[in-house]
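Overview (structure and organization)
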Amino acid sequence: MINNLCYISGEKNKKMNKEQTIIELKAIIKPYIANNEAFENLTEETDFIADLKINSANLVDVVLDIEEKYNIIIDNESMEKMLTVKAAMAIIEEKLAARD
Amino acid sequence: MIGNDVIDLSVARLESNWQRPGFLNKIFSVKEQFYIETAKDQEQMVWKLWSQKEAAYKIFNRETGTRVFNPIQFECSIDTSVFGKVNFKDKIFFTKTLIDNDKIYTIAVTDPKHFSAILELKQDHKIFKKEGLPFIRKEELGFDYPISVTHHGKFWQAAMLDQIL
């Protein structure tokens, strides 16, 4: 298994991480969504408020849940942009990179 | 310009746990947290401040066409039990909040003179959206009035400014 993992190229590894992050993110936001269809068809472009109808107070919970899950701190500047799946993934990636 | 926001406390109680560690720190400044700590009804103060922020944000969003999620920087002050302000960077919004049992309703305007020009609309108005923002059409005047609509739980409110100021 460890050997197999070594063969995964950087690019492929990155793609796999991305897919993994989307799965994890979906689990985090699921309790707060009010539009199931948009949730089932979630892509990177999905908007938390406009598409998933997450209420803005619950977006704070999403931020806190992400902080807990990844052991990162999402500052104001980052939170300001956290309106889409794509933005959330970029912030997670950035904060994880800064932490390591 | 006008922005409004209504909160149904009975629903907010189910949807959110404002006592969750970290929650208040993410959205409220030190000054706002002092308002909460010293309030007789802390839960009511949390959601009152939140509705002030939301109502002010609606004006900001409409005026600038920008979306941000930066509640802590929309900083509230409380002047009386009804009137307050919200500051965001160089902007200032004036708010009026009415509380009735489970209902917290804030209207924000950009000029305190506009408080006397607020018209509350009933649901029978033909409301339509342009680029995601609500308007009503006055056929006889051939003009679309920007309005602000809010709903939460069992409450629905729509408001506009009387344009003949």
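Everything numeric in this text was worked out from a predicted model, so none of it was measured.

Points about the confidence of the model for chain B
For chain B, the average pLDDT comes to 94, and 99% of its residues sit at 70 or higher. Two numbers describe this predicted complex: its pTM, 0.91, and its ipTM, 0.91.

A few points about the packing of aromatic side chains
Here the structure, examined in full by the defined rule, presents eight aromatic pairs over all chains. Ring geometry for phenylalanine 60 of chain B against phenylalanine 88 of chain B: centres 4.9 Å apart, planes inclined by 70°, an arrangement best described as edge-to-face. With a gap of 28 residues between them, phenylalanine 60 of chain B in helix α4 (residues 42–64) and phenylalanine 88 of chain B in strand β3 (residues 83–88) connect regions that are remote in the sequence. Of the two residues, phenylalanine 60 of chain B and phenylalanine 88 of chain B, both sit in the buried class. Cluster of aromatic residues (ring-pair linked, three or more members): Tyr57, Phe60, Phe74 and Phe88 of chain B. The side chain of lysine 26 of chain A reaches across the aromatic face of phenylalanine 39 of chain A, ending 4.8 Å from its centre.

Quick notes on the interface of chain B and chain A
Between chain B and chain A, the contact holds 18 residues from the first and 21 residues from the second. A combined buried area of about 1,700 Å² lies between chain B and chain A, and 52% of that area is made up of carbon and sulfur atoms. Looking at the side of chain B facing chain A, the largest losses of area belong to Arg20, Lys26 and Phe69 of chain B, adding up to 45% of the total buried there. Taken together, the connections running from chain B to chain A amount to five salt bridges. Taken together, the connections running from chain B to chain A amount to eleven residue pairs in polar contact (both at pLDDT 80 or more). Elements supplying a minimum of two residues to the side of chain B that touches chain A: α2 (23–27) and α4 of chain B. Taken together, the residues that form the side of chain B that touches chain A break down as nine nonpolar, three polar and six charged.

Looking at the sheet that holds strand β6 (residues 118–121) of chain B
Residue and element names in this part refer to chain B. The sheet built from three strands is open, its strands ordered β6-β11-β10 with antiparallel pairing. Of all the strands in the sheet, the pair left with one neighbour each is β6 and β10 (148–152). If you compare each strand with its neighbour and ignore which way they point, the axes differ by 25° on average. Pairing of β10 with strand β11 (residues 155–161), which is carried by five bridges, proceeds in the antiparallel orientation. The residue bridging serine 148 from the neighbouring strand is alanine 159, located in β11.

Rules used in this analysis
- Note that residues are indexed from 1 along each chain, following the sequence as it is written.
- Here the convention is simple: chains get letters from A, ligands get numbers from 1, in the order in which they are written.
- A pLDDT threshold of at least 70 governs which residues receive local features in this predicted model, and a stricter bar of 80 or more applies before side-chain atom pairs are shown or counted, although totals over entire chains, interfaces and linings include all residues.
- The basis for every side-chain value is the complete set of non-hydrogen atoms in the structure, without hydrogens or water.
- For every residue, the predictor assigns a confidence score, pLDDT, that lies between 0 and 100.
- In this analysis, rings of Phe, Tyr and Trp, with Trp reduced to its six-membered ring, are considered paired at centre separations within 6.5 Å, and the interplanar angle assigns stacked below 30 degrees, edge-to-face beyond 60, and tilted for intermediate values.
- Segments assigned H or I by DSSP are reported as helices when at least four residues long, segments assigned E as strands when at least two residues long, and all are numbered from the N terminus.
- Buried, partly exposed and exposed residues are distinguished by accessible area as a fraction of the type maximum, computed with a 1.4 Å probe on protein chains only: under 20%, between the cut-offs, and over 50%, respectively.
- For a lysine, the NZ atom is tested; for an arginine, the CZ atom; a charge sits over a ring if that atom is within 6 Å of the ring centre and within 35 degrees of the ring normal.
- The contact criterion used is simple: two residues touch if any of their non-hydrogen atoms lie within 4.5 Å.
- Note: buried area is the sum, over both parts, of the accessible area (probe 1.4 Å) each one loses when the two are combined.
- Each salt bridge in this description consists of a side-chain nitrogen of Lys or Arg and a carboxyl oxygen of Asp or Glu lying within 4 Å of one another.
- Counted as a polar contact is a pair of N or O atoms within 3.5 Å, where, for protein atoms, one must be capable of donating a hydrogen and the other of accepting one, and residues adjacent in sequence contribute only when both atoms are in side chains.
- When residues are sorted by character, Ala, Val, Leu, Ile, Met, Phe, Trp, Tyr, Cys and Pro go into the nonpolar class, Asp, Glu, Lys and Arg into the charged class, and all the rest, Gly among them, into the polar class.
- Strands pair, by our definition, only if DSSP identifies at least two bridges between them.
- Lines fitted to C-alpha atoms define the axes, with helix axes restricted to the stretch in contact, and inter-axis angles between N-to-C directions lie between 0 and 180 degrees.

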